[in-house]
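# Observations on the three-dimensional arrangement
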Amino acid sequence: MSAEPSFAAPASRALVSIRRVSKQFANGTLAVRDVDLDLAQGEFVSLLGPSGCGKSTLLRMIAGLGAPSAGTIDWPTAVHDADGRPQRDLGFVFQDPTLMPWATALANVTMPLVLKRMNRREADERAAEMLALVGLKGFEKAYPRELSGGMKMRVSIARALVTHPSILLMDEPFAALDEITRHRLNDDLLRLWADQRFTAVFVTHSVFESVYLSQRIVVMAARPGRVMADLTVDAAYPRDDLFRTSAEYAHLCRVASETLKKAIAL
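Worth saying up front: this structure is predicted, and the values here are computed from it rather than measured.

Rules used in this analysis
- Residues numbered from 1 in each chain as written.
- Predicted model: local features only at pLDDT ≥ 70, side-chain atom pairs only at ≥ 80, totals over all residues.
- Heavy atoms only, no water.
- Pairing = 2+ DSSP bridges.
- Helix = DSSP H or I, 4+ residues; strand = E, 2+ residues; numbered from the N terminus.
- Axes fitted to C-alpha atoms, helices over the stretch in contact; angles between N-to-C directions.
- Contact = heavy atoms within 4.5 Å.
- Phe/Tyr/Trp six-rings, centres within 6.5 Å; stacked < 30°, edge-to-face > 60°.
- Buried < 20%, exposed > 50% of the residue type's maximum accessible area, 1.4 Å probe, protein only.
- Lys NZ or Arg CZ within 6 Å of the ring centre and 35° of its normal.

Strand order in this open sheet of six strands is 5-6-7-3-8-9, and the pairing throughout is mixed. The open sheet has two edge strands with one neighbour each: strand 5 (90-93) and strand 9 (226-232). Mean inter-strand twist for the sheet, computed between neighbouring axes without regard to direction, equals 15°. Where strand 3 (residues 44-48) and strand 7 (residues 199-204) come together, five bridges link them in parallel fashion. By the bridge assignment for strand 7, L48 is matched with T204. This element, helix 1 (residues 55-63), spans strand 3, strand 5, strand 6 (167-171), strand 7 and strand 8 (216-221) of the sheet and lies at about 150° to strand 6.

Here you go:
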């Protein structure tokens, strides 16, 4: 990974366009209501809000793992199949690593390529390269039971990125980790984003994490989940420990925190 990532401005063209999206479950719960949101190519966006505000539900609908009850989620630049459905070019990282316990780290990362019927030798080479990028060179033959929580999450991220998706969706992937590991993975994620220039959509309930990572923070109110603010984080990249202790970071966190409190109070 590059020691000094270079960040270009995100393109203005929307990769994903969300219009008046609502989601009501069969039990009557209205989880998300009238969400409008555009996700540009190459940008880093965090969805910030309290538990139960529909962040994960919205992320899953973007991924096609659930359908909106109302509204549309369009992929304007995506390739469409014969029925007009977009072929979503994405990777998804869940809250838990969701690794196959009987498979090595290499086999876990190779899985998406095998499903795409890639040549096994080429798939293994690409998976090994991705494991090296997330800091796991030398652990290709390790099983999940032999890895720490942070290392398992690195394998999960490598698996999501091995197909070189245009968008990476992450559902609170670092929430269960200790602070030191979480900070380290935040740094590694930003380096990967700089190197590969995918669009990142990151769900979190941490103000500090959202400010550190993002170009934009979409603040959501409690159920029914809805967008209450779309904050721009103007701080320059690369970001590091000096940024975490800066007055600029403290100010941005204060603004995001105050916005979140107003959203929760509604």
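This next bit is on the packing of aromatic side chains. Enumeration according to the criterion identifies seven aromatic pairs in this entry. Relative to Y237, the ring of W193 has its centre 5.3 Å away and its plane inclined at 65°; by these criteria the two rings are edge-to-face. On the criterion of sequence distance, the pair formed by W193 in helix 5 (residues 179-196) and Y237 in the loop between strand 9 and helix 7 (241-244) is long-range, its members being 44 residues apart. As far as burial versus exposure is concerned, W193 and Y237 are alike and both buried. Aromatic side chains Y212 and F243 sit 6.0 Å apart centroid to centroid with 35° between the ring planes, which places their arrangement in the tilted category. Pair noted here: Y212 is in helix 6 (residues 207-213) and F243 is in helix 7, with a separation of 31 residues, a long-range link. For the pair Y212 and F243, one class covers both residues: buried. Members of the aromatic cluster, joined through ring pairs, are F44, F174, W193, F202 and Y237. The cationic tip of R197 hangs over the ring face of W193; the distance from NZ or CZ to the ring centre is 4.4 Å. Residue placement shows R244 over the ring face of Y212; its charged tip is 3.8 Å from the ring centre.

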